[in-house]
Amino acid sequence: MTTPTPMDPAAQPVRLIIVDDDPLVRAGLTLMLGGADDIDIVGEGADGTEVAGLVDRLRPDVVLMDIRMPGMDGLTAIESLRTRPDAPEIIVLTTFHADEQVLRAIRAGAAGFVLKDTPPARIVDAVRRVAAGDPVLSPAVTRQLMARAAGAGPRTGRDDRADRADRARARVAALAEREREVAIAVARGRSNAEIAAALYLSVATVKTQVSRILARFGFNNRVQIALLVHDAGLLDDDGAESAT
């Protein structure tokens, strides 16, 4: 059961934009999220083409966005938004747990995803957590996405996979030994507490190591670390560290 993130009375409300091509979905989300005192819905969009203008005009903290939309889809909009130096955090709204488009959105820097049938309280909590810099990506979700990444491999061009592997190996090689161990543990879908126990570290130290890895590569979430380790070929099919 998810414990709701407590609201800080002194904090400014989270500025949120909702983007979905279904007006009923937008209405439902507005009703659901609008009841939270610490969330201010500042705008809505029905298509990815509207997102850039909404962000420029309204300066949201978080964008809650569907992936599948006519015109410009949410995925293209996410990739465009995350190139900005002042980009808002993005939560993917989807009907699928871990499909290829969600995987691509996470690679692009989305801070997490929620299913459209997620209970209202958990969607509210997800917005709060992402606004506070805490990506909504549980270890279980990480494992799902990693499994999807492994399964998607054969459909990717051989040259593209080789180039991505070379880049990933070069980046991992820049990590200190302890950072590499933590990165591999993240790729196995382990929580900070599990990593701390396995590596005989404090949870605070693990959090610091993860933060350093994220900062080093300009990543936005743990799944991007996991995908880097996966692309570098450091995991075998059972999730164990490869000898190569």
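These numbers were taken from a predicted model, which means no experiment stands behind them.

Participant: What should I look at first to understand the overall build of the protein in this one?
Facilitator: What the protein contains, in helices and strands, is 11 helices and 5 strands. Buried positions account for 44% of the 244 residues belonging to the protein. Counted over contacts in the protein with a minimum sequence separation of 6, partners at least 24 positions apart contribute 67%. Summed over its atoms, the accessible surface of the protein is roughly 12,100 Å², and 52% of this surface lies on carbon and sulfur atoms.

Participant: Teacher, can you tell me more about the side chain of Asp38 here?
Facilitator: On the secondary structure map, Asp38 appears in the loop between α1 (23–34) and β2 (39–45). A relative accessible area of 10% places Asp38 in the buried class. A distance of 2.8 Å separates a polar atom in the side chain of Asp38 from a polar atom in the side chain of Arg128.

Participant: Looking at this model, I keep getting lost on the nonpolar core. Mind explaining?
Facilitator: The biggest cluster of nonpolar side chains holds 26 residues, and the ones touching the most others in it are Val19, Val51, Val63, Met65, Val92 and Leu145. Among the nonpolar cores identified, the runner-up in size contains 25 residues, and Val172, Val210, Leu214 and Phe219 belong to it.

Participant: So what exactly am I meant to see when it comes to the packing of helix α3 (residues 74–81) against helix α4 (residues 100–108) here?
Facilitator: To characterise two packed helices, one gives the angle between the axes of the helices and the distance between these axes. One way to put it is that α3 packs onto α4 with a least axis distance of 9 Å and a crossing angle of 10°. Between α3 and α4, the interaxial angle falls into the category roughly parallel. Contacts between α3 and α4 involve Leu75, Ile78 and Glu79 on the former and, on the latter, Gln101, Arg104, Ala105 and Ala108. Tallied by class, the residues present in the contact of α3 with α4 amount to 4 nonpolar, 1 polar and 2 charged.

Participant: Explain the packing of aromatic side chains here, please?
Facilitator: To describe a pair of aromatic rings, one takes the distance between the centres and the angle between the planes. Summed over all chains, the structure comprises 1 aromatic pair. A ring pair is formed by Phe217 and Phe219, whose centres lie 5.4 Å apart and whose planes are at 40°; its orientation type is tilted. Look at Phe219 and you get buried, because its relative accessible area is 16%.

Participant: Looking at this model, I keep getting lost on the confidence of the model for the protein. Mind explaining?
Facilitator: Caution is warranted with low-pLDDT regions, since their predicted coordinates should not be read in detail. Overall, the prediction assigns the protein a mean pLDDT of 82, with 82% of residues at 70 or greater. Segment residues 1–5 is flagged for pLDDT under 50; beyond a separation of four residues in sequence, or across chains, it makes 7 contacts in the model. Counted against residues more than four places away or in other chains, residues 237–244, with its pLDDT under 50, gives 14 contacts.

Participant: Is there a simple way to explain the environment of Arg169 in this structure?
Facilitator: With respect to the secondary-structure elements, Arg169 resides in helix α7 (residues 158–173). As a C-alpha pair, Arg169 and Val229 span 60 residues in sequence and 8.1 Å in three-dimensional space. Engagement of the side chain of Arg169 in a polar contact is seen with the side chain of Asp166, the distance being 2.7 Å.

Rules used in this analysis
- Residues numbered from 1 in each chain as written.
- Predicted model: local features only at pLDDT ≥ 70, side-chain atom pairs only at ≥ 80, totals over all residues.
- Heavy atoms only, no water.
- Helix = DSSP H or I, 4+ residues; strand = E, 2+ residues; numbered from the N terminus.
- Buried < 20%, exposed > 50% of the residue type's maximum accessible area, 1.4 Å probe, protein only.
- Contact = heavy atoms within 4.5 Å.
- Areas by Shrake-Rupley, 256 points an atom, 1.4 Å probe, with all protein chains shown as cover.
- Polar contact = N/O pair within 3.5 Å; in protein donor to acceptor, adjacent residues only side chain to side chain.
- Core = buried A, V, L, I, M, F, W, Y, C linked by side-chain atoms within 4.5 Å.
- Axes fitted to C-alpha atoms, helices over the stretch in contact; angles between N-to-C directions.
- Parallel < 35°, antiparallel > 145°, perpendicular 65-115°, else oblique.
- Nonpolar A, V, L, I, M, F, W, Y, C, P; charged D, E, K, R; others polar.
- Phe/Tyr/Trp six-rings, centres within 6.5 Å; stacked < 30°, edge-to-face > 60°.
- pLDDT = per-residue confidence, 0-100.

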